[in-house]
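Chain by chain, the residues run as shown.
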Amino acid sequence: MATVPRSGARQGLPKGLRAALLAVLLAVCTALAAPAVAQPVSPDADDWNPPAELVQPLNEVWQHVESTYPDLYGFRNYGWDQVVANGGHLNYCVRWDSSAPVTAQLRDRIESALQRQFGRWMDVMLDEGEGTNGWPYREVPVNVTGWAVRDRSTLQWSDDSVDVYAGVLDGEGAPQCAPDCGRFFHQDGNYSRCPGGEARHYDMSLWLTAGFQGGAGGDWGQRVGSEYVVGALDQDDIHIVLHEMGHSFGLDDFYDWTPTGVGGFLMQAGTATRITDFDAWMFRDFWRHMKSRYGY
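These lines cover the structure that appears in this document, whether it is placed above or below. Computed from a predicted structure; not experimentally measured. (Residues numbered from 1 in each chain as written. Predicted model: local features only at pLDDT ≥ 70, side-chain atom pairs only at ≥ 80, totals over all residues. Heavy atoms only, no water.)

## Concerning the state of the cysteines
- Considering all chains together, one arrives at two disulfides under this definition.
- Sulfur-sulfur distance for the disulfide between cysteine 93 and cysteine 177 comes to 2.0 Å. Here the S-S torsion is close to 85 degrees, and the disulfide linking cysteine 93 with cysteine 177 is therefore right-handed. Taken together, the residues cysteine 93 in strand β1 (residues 90–97) and cysteine 177 in the loop between β7 (163–166) and β8 (204–209) connect sequence positions 84 residues apart.
- For cysteine 93, a relative accessible area of 0% corresponds to the buried category. (Disulfide = S-S within 2.5 Å. Helix = DSSP H or I, 4+ residues; strand = E, 2+ residues; numbered from the N terminus. Buried < 20%, exposed > 50% of the residue type's maximum accessible area, 1.4 Å probe, protein only.)

## A few points about the environment of aspartate 203
- Structurally, aspartate 203 can be placed in the loop between β7 and β8.
- It is 7.8 Å that separates the C-alpha atoms of aspartate 203 and cysteine 93, two residues lying 110 residues apart in sequence.
- What aspartate 203 contacts, discounting residues up to four positions off in sequence, is Gln82, Asn86, Leu90, Asn91, Arg183, Tyr191 and Asp219.
- Reaching out from aspartate 203, the side chain makes a polar contact with the side chain of asparagine 86 at a distance of 2.8 Å. (Contact = heavy atoms within 4.5 Å. Polar contact = N/O pair within 3.5 Å; in protein donor to acceptor, adjacent residues only side chain to side chain.)

## Here's the deal with the nonpolar core
- By size, the foremost hydrophobic cluster in this structure holds 66 residues, and its most contacted members are Trp80, Tyr92, Phe118, Trp121, Trp135 and Trp147.
- Of all the elements in the fold, those that place two or more residues in this core are α3 (52–68), α4 (79–85), β1, α5 (104–123), β5 (142–149), β8, α7 (239–248) and α8 (277–290).
- For this core, the element with the most residues is α8, which contributes eight residues.
- Other than its neighbours up to four places away in sequence, tryptophan 147 contacts Val94, Trp96, Val102, Arg107, Ile110, Leu155, Trp157, Val162, Asp163, Val164, Tyr165 and Cys177.
- Counting nine residues, the second-largest nonpolar core is a separate cluster that includes Ala148, Cys177, Ala178 and Tyr191. (Core = buried A, V, L, I, M, F, W, Y, C linked by side-chain atoms within 4.5 Å.)

## With respect to the pattern of salt bridges
- Applying the stated criterion across every chain yields a total of 13 salt bridges.
- Residue aspartate 81 is joined to arginine 293 by a salt bridge in which the shortest nitrogen-to-oxygen separation is 2.9 Å. With aspartate 81 in helix α4 and arginine 293 in the segment after α8, this pair connects stretches of sequence that are 212 residues apart.
- Owing to a relative accessible area of 19%, arginine 293 belongs among the buried residues under this scheme.
- Between arginine 107 and aspartate 159 there is a salt bridge, with its nearest N and O atoms 3.0 Å apart. (Salt bridge = Lys/Arg side-chain N within 4 Å of Asp/Glu carboxyl O.)

## Topic: α5
- For α5, which comprises 20 residues, the first-to-last C-alpha distance of 28 Å matches the rise-based estimate of 28 Å (1.5 Å per residue) to within 8%.
- Within α5, burial applies to Leu106, Arg107, Ile110, Ala113, Leu114, Gln117, Phe118, Trp121 and Met122. (Expected span 1.5 Å × (residues − 1).)

## Quick notes on unusual backbone geometry
- Unlike most non-glycine residues, glutamate 128 shows phi in positive territory, near 50 degrees.
- Structurally, the position occupied by glutamate 128 is in the loop between β3 (126–127) and β4 (130–131).
- Phi at asparagine 133 takes a positive value of approximately 55 degrees, unusual for a residue other than glycine.
- In this structure, asparagine 133 sits in the loop between β4 and β5.

## What about the sheet that holds β5?
- Judged by pairing direction, the sheet is mixed, and its six strands sit side by side in the order β7-β5-β1-β8-β10-β9 without closing on themselves. Looking at the sheet topology across the chains shown, the edges are occupied by β7 and β9 (215–218). Going across the sheet, the axis of each strand differs from the next one's by a mean of 20 degrees, ignoring polarity.
- Pairing analysis gives four bridges linking β9 to strand β10 (residues 221–225), with the strands arranged antiparallel. Within the sheet, the bridge partner assigned to glycine 218 lies in β10 and is glycine 221.
- Here α5 sits on the sheet and contacts β1, β5 and β8; the angle it forms with β5, its principal contact strand, is near 135 degrees. (Pairing = 2+ DSSP bridges. Axes fitted to C-alpha atoms, helices over the stretch in contact; angles between N-to-C directions.)

## Structural notes on the packing of aromatic side chains
- Under the definition given, this model contains 23 aromatic pairs.
- Where tryptophan 96 meets tryptophan 147, the ring centres are 5.9 Å apart and the plane angle is 45 degrees; that geometry is what we call tilted. You can see tryptophan 96 sitting in strand β1 and its partner tryptophan 147 sitting in strand β5, a full 51 residues away along the chain.
- Overall, tryptophan 96 belongs to the buried group, its relative accessible area being 2%.
- When the centroid spacing of 5.4 Å and the interplanar angle of 90 degrees are considered together, the rings of phenylalanine 184 and phenylalanine 185 count as edge-to-face. (Phe/Tyr/Trp six-rings, centres within 6.5 Å; stacked < 30°, edge-to-face > 60°.)

## Brief notes about α8
- Its 14 residues place the ends of α8 20 Å apart at the C-alpha level, agreeing with the 20 Å of an ideal helix rising 1.5 Å per residue.
- Here α8 has its buried residues at Phe278, Asp279, Ala280, Trp281, Met282, Phe283, Arg284, Asp285, Phe286, Trp287 and Met290.
- Where the residues of α8 are buried, they touch α3, α4, α5 and β3.

Here is the structure:
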């Protein structure tokens, strides 16, 4: 701590001036001795730097999304919402809408393929291993917490690695995991009626339907043909699954228009079989416009 100089007193400074000087010096000393006060951290800068040739088409896409989505900013169950709500992971239910038997080996291969496809999208949120534009997760693990079937005998395993829901059917007679455990049904995060509690809830479903052509996707998950997925389990990119996952995070279809200067890309169905640079930047752009709701 600094000390108060005494030389002023020896030189006969006026009493009032000495008092004022002592008061000022005492305030300085007190400030120097006080602990530092932490300053609020400013939000991450908007490090938006797409390639120059993609700036115009990306702007066109976002303008189209803003003009066509009925509740773009009010909707609260995008894949982004689900990952952030879980603190950086996602749980799945597999709806096996087929009578074909499933061995434990096939079960595990389907989970691995699902994790690999989801990881493809999460990888585009990283630059040199770090999250881009405030993205807070270096990896987003995917867990399968349940399987749904019409008949338990379809599943040829007896271990308890996943919850099994047999005979729980939706309004169209398709098997589903317990609604009490599903985020689609409980977007408030209340899983108190789920037998396994929050840890066993599921955020999305991978709905595998025998004979189903094409695909469908949304905040509830992805629906594709069971034969198609089983036949593609060893592929790096199961493109219909990837396309439908894009929808789960809010990306649009492009049936009737193409952004300026962009060739084939995954979200334009039938024109690409993997995530292209344009898909990746559209994905990042969706996050860029939504991240403020999470404080990023």
